[in-house]
Amino acid sequence: SHPPLCPPGIKCGGVLSAPSGNFSSPNFPRPYPYETECTWLIVVAEGSSVLLSFSHFELEYHAACAYDYLQVYNGATRDRGNLLGTFCGRSPPPPFSSAWHVMAVIFRSDRHVAKRGFAAAYRKDACGGQLTGLSGEITSPRYPESYPNDAECRWTIGVAGGSGPLTLVFADFQVEGGQGCGFDYVALFGGPTTAAPSLGRYCGSTRPPRTVSSAPHLLVLFKSDFNIGGRGFKAHFYSAGECQEVFTTIKGNFSSPRYPNFYPNNLQCQWSIQLPLGYRIKVFFLDMELEGRSSLTGGCDYDHLAAFDGSTEKGSLLGRWCGRESPAPITSHSNQLLLVLHTDRNTAKRGFSIAYMGVVPVNISCTRTDFHIQIPVRSLAQLEKNRIYLGTPSCAAQVVGGNFKIHTRFDTCGTESQKRNNTSVIVSTLYIDFSAGDQEDIHQYEVQCEPKRKEASVTLIIGPDPSRLSQGENLVDAQQREGEAMDTHEIRSQDTSDIVFISICILAGLLMVIAVVGLVLL
């Protein structure tokens, strides 16, 4: 006998607002009806989280769960950034802990093949839980108010489908101290249980160091005894690789988690670029689509990407973007730059793709006839002097003291005269060859001099092989958007010997004509 279509009176979905409860598919444990869609919205007290678990699970199987399926959302809306997972078949979903006090569960069946369905239980939990996002926040109970006595909280962090390490950073920490941290403490373990290797045990008011678990799981255990409390703690966790990276190479690229698919909600991701002293960092925005501006304030109040000069968010703000912007490239003032992506609880978009290049510290000056170029050797310590040249390899740098130096006249080394904004300037290209093996990697800088004013400048231009960067072909477009496309009305310097030769020929011709006319008149 086939299960019936879902009759009008059958209970299906609803709002669950009790501190704990159970729910199941229609008719459970009998086969669920065909063509059914149910939505359960679980709402617990503000400040708590929802713990959701499944005691039975059996839906029609499909490799992509395209027929019958159950979806779990970290919030109230059907927002792709909030989706924690889609499930079908006989493998039950793992236990879930929401990032806030609302969780949604959606069950759908098609018109063929019905199974027994599922049974689930939930409870509110302000202390501990299983966290599965790419990033998130953990706080002690009642934070920032004093935490309760006799508390024991366990947070198990494990990124769904992730295999990379996890990083935990404490933003605030005040727990009762004591020798050996025997009273109140936070203990960290590099795995899902206390049997995993210990990563530290902390108490007092000194913030624990940044902790990295090499395993894809991290357990945070908080315990308090029967008296004396404290403010507690606040910590952020990141999934390294997608949500937190540090770059030290001269150029590179990265993108938002899951790009070009929709990024998750509730993210606080950081990408730090750290180059040798003297360098600056130029960032190119290849693609960007984030949640748009607030209609009330006009600001990037929801999802946004921000850039800071230096290694922390305390550095000067270089820019803050949202929506479908095409920001012009930005350049740091120092050798470190931090990019932070914040996403809120709903409305996810495609995200962003970024490329960056280190700007070598080039000191340039000029006279009316010469270029003077200096680069500290420490900035390019791994390079031979013949890898740095102006115009042609024959105009390579020399090492003088602690600097690579190029001193050359304007009539050599591929320099040319151009007209820009009705001003005559001398222009050439400085090449720095970082190539290794068969990987060509040559950075180019345009050097320019206005001889009348003796003013020189240097500008990073993209090398001949930008395709090594992801979507690197867009780098040139990005630079043109910045307005660095140069005036192409060029006046090339001509060889003066050619001009003299032509002038002599014309003068000789004129003299011959005069002589012939004179003879005729005589």
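Residues numbered from 1 in each chain as written. Predicted model: local features only at pLDDT ≥ 70, side-chain atom pairs only at ≥ 80, totals over all residues. Heavy atoms only, no water.

The name an unreviewed UniProt entry gives the protein chain is CDCP2 protein, with Caloenas nicobarica as the organism.

### Notes on the overall build of the protein chain
To be explicit about the condition: Strands here mean DSSP runs of E at least two residues long; helices mean DSSP runs of H or I at least four residues long; both are numbered from the N terminus. Only protein chains enter the accessibility calculation, which uses a 1.4 Å probe; a residue is then buried when its area is under 20% of its type maximum, exposed when over 50%, and partly exposed in between. By definition, residues are in contact when any of their heavy atoms lie within 4.5 Å. Note that accessible areas follow from Shrake-Rupley with a 1.4 Å probe, and for residues the cover is restricted to the protein chains shown.
A count of helices and strands for the protein chain gives two helices and 36 strands. Across the 522 residues that make up the protein chain, the buried fraction comes to 48%. Restricting to contacts in the protein chain with at least 6 residues of sequence separation, those with at least 24 account for 74%. About 25700 Å² of surface is accessible on the protein chain, with carbon and sulfur atoms providing 52% of the total.

### Observations regarding the nonpolar core
Inclusion rule: What makes a nonpolar core is a set of buried Ala, Val, Leu, Ile, Met, Phe, Trp, Tyr and Cys residues whose side-chain atoms join them at distances within 4.5 Å. Residue ranges labeled as domains rest on an automatic or database domain assignment.
In this structure, Leu 305, Leu 380 and Leu 430 are the most contacted members of the largest nonpolar core, which totals 59 residues. Domain assignment of the residues forming this core places at least three in each of domain 3 (244-359) and domain 4 (363-462). Among residues more than four places away in sequence, those in contact with Leu 305 are Phe 285, Met 288, Leu 290, Gly 319, Arg 320, Trp 321, Leu 339, Val 340, Leu 341, Phe 352 and Ile 354. Of all hydrophobic cores here, the second largest spans 30 residues; its members include Cys 127, Tyr 147, Phe 173 and Phe 233.

### Some points on the pattern of salt bridges
Rules: Throughout this description, the term salt bridge denotes a Lys or Arg side-chain nitrogen within 4 Å of a carboxyl oxygen of Asp or Glu.
Using the criterion set out here, one finds 13 salt bridges in the structure. The salt bridge involving Arg 111 is made with Glu 35; its shortest N-O contact spans 3.3 Å. Of this pair, Arg 111 sits in the loop between strand 8 (102-108) and strand 9 (117-125) while Glu 35 sits in the loop between strand 2 (20-24) and strand 3 (37-43), placing them 76 residues apart in sequence. Under the relative-accessibility criterion, Arg 111 is labelled exposed at 54%. Here the salt bridges share partners, and the residues they tie into one network are Glu 152, Arg 154 and Lys 223.

### Some thoughts on the sheet that holds strand 19 (residues 244-247)
Counted only if it meets this: Pairing between two strands requires that DSSP report at least two bridges joining them. Axis definition: a line fit to C-alpha positions, over the contact stretch in the case of helices; interaxial angles, taken between N-to-C directions, run 0 to 180 degrees.
The strand order across the open sheet built from five strands is 19-21-26-23-24, with neighbouring strands paired in mixed fashion. At either margin of the open sheet sits one strand with a lone partner, and together these are strand 19 and strand 24 (317-321). Ignoring which end each strand starts from, the neighbouring axes of this sheet average 10 degrees apart. Across four bridges, strand 23 (residues 304-309) lies against strand 24 in antiparallel orientation.

### Some remarks on the state of the cysteines
How we decide: Two cysteine sulfur atoms form a disulfide, by the criterion used here, when they sit within 2.5 Å.
Applying the stated rule across the entire model yields six disulfides. A disulfide bridge connects Cys 65 with Cys 88, and the sulfur atoms are separated by 2.2 Å. With the S-S dihedral at roughly -80 degrees, the linkage between Cys 65 and Cys 88 falls on the left-handed side. In this pair, Cys 65 is assigned in the loop between strand 4 (49-58) and strand 5 (69-73) and Cys 88 in the loop between strand 6 (83-87) and strand 7 (96-97), connecting sequence segments 23 residues apart.

### A word on the packing of aromatic side chains
Rules: Aromatic pairs are defined between Phe, Tyr and Trp rings, using the six-membered ring for Trp, whenever the two ring centres lie within 6.5 Å; interplanar angles under 30 degrees are classed as stacked, those over 60 as edge-to-face, and all others as tilted.
Counted by the stated rule, this structure contains 22 aromatic pairs. Where Phe 23 meets Trp 40, the ring centres are 5.1 Å apart and the plane angle is 35 degrees; that geometry is what we call tilted. Residue Phe 23 is found in strand 2, and its partner Trp 40 is found in strand 3; the two are separated by 17 residues along the sequence. Taken as a pair, Phe 23 and Trp 40 share a single burial class, namely buried. Through successive ring pairs, a cluster of aromatic residues spans Phe 23, Tyr 32, Trp 40, Phe 54, Phe 57, Phe 107 and Phe 118.

### A few points about the pairing of strand 32 (residues 403-409)
On a regular strand, one side chain projects to one face of the sheet and the next to the other, so that they alternate. Burial of the side chains of strand 32 is restricted to one face: Phe 404, Ile 406 and Thr 408 are buried, whereas none of Asn 403, Lys 405, His 407 and Arg 409 on the reverse face is. Pairing between strand 29 (residues 370-376) and strand 32: seven bridges, direction antiparallel. Its bridge partner being in strand 32, Ile 375 is matched across the sheet by Phe 404. Where strand 31 (residues 398-400) and strand 32 come together, three bridges link them in antiparallel fashion. Looking across to strand 32, one finds that Gln 398 is bridged to Lys 405.

### A word on the environment of Asn 227
With respect to the helices and strands, the residue Asn 227 is situated in the loop between strand 17 (217-223) and strand 18 (232-239). On the basis of relative accessibility, which here comes to 30%, the residue Asn 227 falls in the partly exposed class. In the structure, Asn 227 is positioned 43 residues away from Asp 184 in sequence and 9.2 Å away in space, judged by C-alpha atoms.

### With respect to the side chain of Glu 60
This is how it is decided: Here the positive residues are Lys and Arg and the negative ones are Asp and Glu; neither His nor the chain ends is included.
In this fold, Glu 60 is placed in the loop between strand 4 and strand 5. Within the buried set, Glu 60 has no salt-bridge partner at all; the shortest N-O distance to an opposite charge, 8.0 Å, is to Lys 115. Residues contacting Glu 60, with those up to four places away along its chain left out, are Tyr 32, Tyr 67, Asp 68, Cys 88, Gly 89, Asp 110, His 112, Val 113 and Lys 115.

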